[in-house]
Amino acid sequence: MKYYYYPVGLRGTEGDYVAALAGNPNTGKSTVFNALTGLNQHTGNWPGKTVAQARGYYRHRGKTIVVVDLPGTYSLSASSLEEEVARDFICFGQPDVTVVVTDATCLERNLNLVLQILEITPKVVVCLNLMDEAERKGLKLDVNRLAHELGVPVVPTTAHTGRGIEQLKDRIHSVALGEILPRPKPVTYSKQLEEAIHQLETSLERIHTNGISRRWIALRLLEGDYSILDAIGQYSLPDARQEG
Ligand SMILES: Nc1nc2c(ncn2[C@@H]2O[C@H](COP(=O)(O)OP(=O)(O)OP(=O)(O)O)[C@@H](O)[C@H]2O)c(=O)[nH]1
Ligand SMILES: [Mg+2]
């Protein structure tokens, strides 16, 4: 059993690995969470925060997977309590895999968060939920092409009927255990922005970033979100991670 350090209050939970569920509001995260964990779940609040927290577990291929249902967010800019909780868990909670639950009927709007999360960690599975609704609307989604473009596994699901959930469990397992090594394609911004990012990254070289990519921190600072610097100071990780 691996011991997990949870800066945001799940310290001491045991399991073989941890999967975080992120996504825009109302994309079916909690329905996916229920489909994965069944009755093995516990709800409460994030410590010290008025934001609901749900965690649970399931067994798959001989492993116990702890699942954390994160609050719905449109971005990870920490402009609300929900975004802060989601951002801090993805950055500092060290999930082995982050599942981004997306709404297949309005995928484009959901991709902003997917790309932001891919800038923090490559260990991502995209869950393309509400597939029944997308089909009802006559939308045709090229799942393989999307997986290729993003560089991470994509699993179509209809969470409330359980469709796709077994495949989702398989992909979570493979990414968490390193059987699949996702290779997200980095987003390249305009020349001006890339120059600003580079300058900031250079200035950040002197600070200890707790394993968080300096490029990602630079992007948040350029957005005017300075709270990331406080968060880095607040959460210290037990094992030194590769700093990028
Ligand atoms: N048709 C359809 N409805 C779904 C599916 N998944 C979830 N729903 C429904 O969508 C609504 C929202 O689902 P939730 O699981 O609460 O969504 P959520 O992302 O947890 O929402 P927040 O936590 O508020 O951000 C519920 O009425 C679900 O029953 C799906 O695959 N197809
Ligand atoms: Mg929910």
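The structure this text deals with has already been given above.
### Some points on helix α9 (residues 227-234)
So, step 1. Taken as a whole, α9 has its buried residues at Ile 228, Ala 231 and Ile 232. Projected down its long axis, α9 carries its buried residues within an arc of 100 degrees, all on one side. Exposed side of α9, more than 90 degrees from the buried face: Asp 230, Gly 233 and Gln 234 are the residues found there.
So, step 2. For α9, the elements touching its buried residues are α2 (81-92) and α8 (214-222).

### Focus: unusual backbone geometry
So, step 1. Within the chain, Gln 94 stands out as a residue other than glycine whose phi angle is a positive 50 degrees.
So, step 2. Inspection of the secondary structure assignment puts Gln 94 in the loop between α2 and β7 (97-103).
So, step 3. Even without being glycine, Leu 130 reaches a positive phi, approximately 60 degrees.
So, step 4. Assignment of secondary structure puts Leu 130 in the loop between β8 (124-129) and α4 (131-136).

### Brief notes about the sheet that holds β8
So, step 1. Spatial strand order, β4-β5-β6-β3-β7-β8-β9: 7 strands in an open sheet with mixed pairing. Strands with a single pairing partner mark the edges of an open sheet, and in this sheet they are β4 (41-45) and β9 (154-156). The mean angle between the axes of side-by-side strands here comes to 25 degrees, regardless of whether they run parallel or antiparallel.
So, step 2. Bridging between β4 and strand β5 (residues 52-60) involves 5 bridges; their strand directions are antiparallel.

### Regarding the layout of surface pockets
Rolled over the atoms, a probe with the dimensions of a water molecule shows which regions are left empty.
So, step 1. Approximately 160 Å³ is the volume attributed to the second largest pocket.
So, step 2. Together, Asn 112, Leu 115, Gln 116, Glu 119, Val 187, Tyr 189, Leu 193, Leu 219, Arg 220, Leu 222 and Glu 223 line the second largest pocket.
So, step 3. At the level of secondary structure, the elements contributing two or more residues to the lining of the second largest pocket comprise α3 (107-120) and α8.
So, step 4. Here the lining of the second largest pocket gets 4 residues from one element, more than from any other, and that element is α3.
So, step 5. Looking at the lining of the second largest pocket residue by residue, the classes come out as 6 nonpolar, 2 polar and 3 charged.
So, step 6. Here the lining of the second largest pocket spans two domains, and each of domain 1 (2-176) and domain 2 (191-234) adds at least three residues to it.

What counts as what
- Residues numbered from 1 in each chain as written.
- Chains lettered and ligands numbered in written order.
- Predicted model: local features only at pLDDT ≥ 70, side-chain atom pairs only at ≥ 80, totals over all residues.
- Heavy atoms only, no water.
- Buried < 20%, exposed > 50% of the residue type's maximum accessible area, 1.4 Å probe, protein only.
- Helix = DSSP H or I, 4+ residues; strand = E, 2+ residues; numbered from the N terminus.
- Arc of directions from axis to C-beta.
- Contact = heavy atoms within 4.5 Å.
- Pairing = 2+ DSSP bridges.
- Axes fitted to C-alpha atoms, helices over the stretch in contact; angles between N-to-C directions.
- 1 Å grid on protein atoms, 1.4 Å probe; cavity = no way out; pocket = protein on both sides within 12 Å on 5 of 7 lines; lining within 4 Å.
- Points joined across faces, edges and corners; volume = space filled by probe spheres on them.
- Nonpolar A, V, L, I, M, F, W, Y, C, P; charged D, E, K, R; others polar.
- Domains from an automatic or database assignment.

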